[in-house]
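# An overview of the molecular structure
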Amino acid sequence: MIAHRAGTADFPENTVRAIDGALAHKVDMMWLSVQVSRDGVPVLYRPGDLSALTDGMGRVADHDATELTRLNAGFQFKDASGDHPYRKHPTPLPTLEEALRRIPQRMGVLLDMKSSDAQTLVPAIAKTLDALQGEGRKEWQRVRFYSTEKPNLDAMASHPRARLFEDRDTTRTRLVTSRLTGNCLNAPRKGTWAAFELRRDVTVAEKFTLGEGRSPVNKALMWDRAAAACFHNHPGVRTVLIGIETKDDYTTAQGLDAYAVLADSPAQMMKIKNEAPKATAPH
């Protein structure tokens, strides 16, 4: 069980408060979103503008880390009753270093690189991990990198100790090919990690001589047994299914031999996991 953005449904996402909540619910791994400040410090934040979640405005990259860490990362968070509890009890926007120090060394951390400026973001992350590694910690060994932007993964691949997810375009193409044709296109090599939503809104485009036809498909089921089997052709492949928030979806993920599921609410999903029958070990 992976806490998505440290548990975005339970607490303000990507905050120390959310990390503590996910740890209290005994999740297995932590998924964090990371951007970089103007002065080259990696911080935890996801949207493009600070106003989406905080009491600040503008891009992360336009502010120094000292400015960012003074923001209330829970300013826009609403609880079940629609109130904004963290406006009276602020929770700050944390640096990546602060978050990693908070998470026990035994726990794996998945970093979702959200900046489009790979040449600034990647060296900043590497500098942080190197500094912690120099203290005897094993950050490079427990961190794995994900991004929807392939240039971020390509840039991180230049670091010999970096462990990466397969790029999303490759994962999506393999899934769609399997679902539409039944064929297994380029099964991932041994030890690959791949992540994709169980369901996803997609659009199928058909090219004509004089134009194009488009068919939107809401909540298309991206995985089935054949697709899962394609991913597990070789040993050690680990699939992470995104957007698992119900008992039925958790059971589906088990049946697809998923290595892990990504959940917004650790409070809800750890209860489901602990009550679910144990699945056989994934490939």
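Since the structure is predicted, the reported quantities are computational estimates derived from the model, not experimental observations. (Residues numbered from 1 in each chain as written. Predicted model: local features only at pLDDT ≥ 70, side-chain atom pairs only at ≥ 80, totals over all residues. Heavy atoms only, no water.)

### Some points on the overall build of the chain
The helix and strand tally for the chain stands at 10 helices and 10 strands. By the compact-globule yardstick of 19 Å for 283 residues, the chain fits well, its C-alpha radius of gyration being 19 Å. Judged by the C-alpha coordinates and their principal axes, the chain covers about 50 × 45 × 45 Å. For the chain, the residues scored as buried account for 48% of the 283 residues in total. (Helix = DSSP H or I, 4+ residues; strand = E, 2+ residues; numbered from the N terminus. Rg over C-alpha atoms; globule rule 2.2 N^0.38 Å. Buried < 20%, exposed > 50% of the residue type's maximum accessible area, 1.4 Å probe, protein only.)

### Observations concerning the pairing of strand β4 (residues 108–113)
Judged by how many residues are buried, β4 sits mostly within the fold: 6 of 6 residues are covered. Every second residue of β4 is oriented toward a common face, with Gly 108, Leu 110 and Asp 112 on one face and Val 109, Leu 111 and Met 113 on the other, all of them buried. With 6 bridges joining them, strand β2 (residues 29–36) and β4 adopt parallel strand pairing. Considered in β4, the bridge of Trp 31 is made with Leu 110. (Pairing = 2+ DSSP bridges.)

### Re the state of the cysteines
Within the structure shown, the criterion is met by 1 disulfide. In this model, Cys 184 is linked to Cys 230 through a disulfide, with the two sulfur atoms separated by 2.1 Å. Residues Cys 184 and Cys 230 are joined by a disulfide whose S-S torsion is about 75°; by sign, that bridge is right-handed. Note that Cys 184 is positioned in the loop between α7 (168–181) and β6 (193–197) and Cys 230 in helix α8 (residues 225–231), a separation of 46 residues in sequence. On the basis of relative accessibility, which here comes to 37%, the residue Cys 184 falls in the partly exposed class. With a relative accessible area of 3%, Cys 230 lands in the buried category. (Disulfide = S-S within 2.5 Å.)

### Describing the environment of His 84
Locating His 84 in the fold gives a position in the loop between α2 (65–68) and α3 (96–102). His 84 sits in the partly exposed class, given a relative accessible area of 24%. Taking the C-alpha atoms as reference points, His 84 and Asp 49, separated by 35 residues in sequence, lie 19 Å from one another. Those residues in contact with His 84 that lie beyond four places of it in its chain are Phe 75, Gln 76, Phe 77 and Lys 78. (Contact = heavy atoms within 4.5 Å.)

### Some points on unusual backbone geometry
Phi at Arg 5 takes a positive value of approximately 55°, unusual for a residue other than glycine. Of note, Asn 186 is a non-glycine position whose phi angle comes to about 50°, a positive value. Of note, Asn 186 is situated in the loop between α7 and β6.

### Examining the packing of aromatic side chains
With the rule as written, the count across this model stands at 8 aromatic pairs. For the pair Trp 31 and Tyr 146, a centre-to-centre distance of 4.9 Å together with 55° between the ring planes defines the contact as tilted. Of this pair, Trp 31 sits in strand β2 while Tyr 146 sits in strand β5 (residues 143–146), and the two are 115 residues apart along the sequence. Each ring, one from Tyr 146 and one from Phe 165, has its centre 5.5 Å from the other, and the planes form 90°; the classification is edge-to-face. Here the residue Tyr 146 occupies a position in strand β5, and Phe 165 occupies one in the loop between α6 (150–156) and α7, the gap between them amounting to 19 residues. Grouping residues by exposure puts Tyr 146 and Phe 165 together as buried. Clustering of aromatic rings is evident, with ring pairs tying together Trp 31, Tyr 146, Phe 165, Trp 193 and Tyr 259. Arg 87 extends its terminal NZ or CZ atom over the ring of Phe 75, reaching a point 4.0 Å from the ring centre. Over the face of the ring belonging to Phe 231 we find Arg 174, whose NZ or CZ atom lies 4.7 Å from the ring centre. (Phe/Tyr/Trp six-rings, centres within 6.5 Å; stacked < 30°, edge-to-face > 60°. Lys NZ or Arg CZ within 6 Å of the ring centre and 35° of its normal.)

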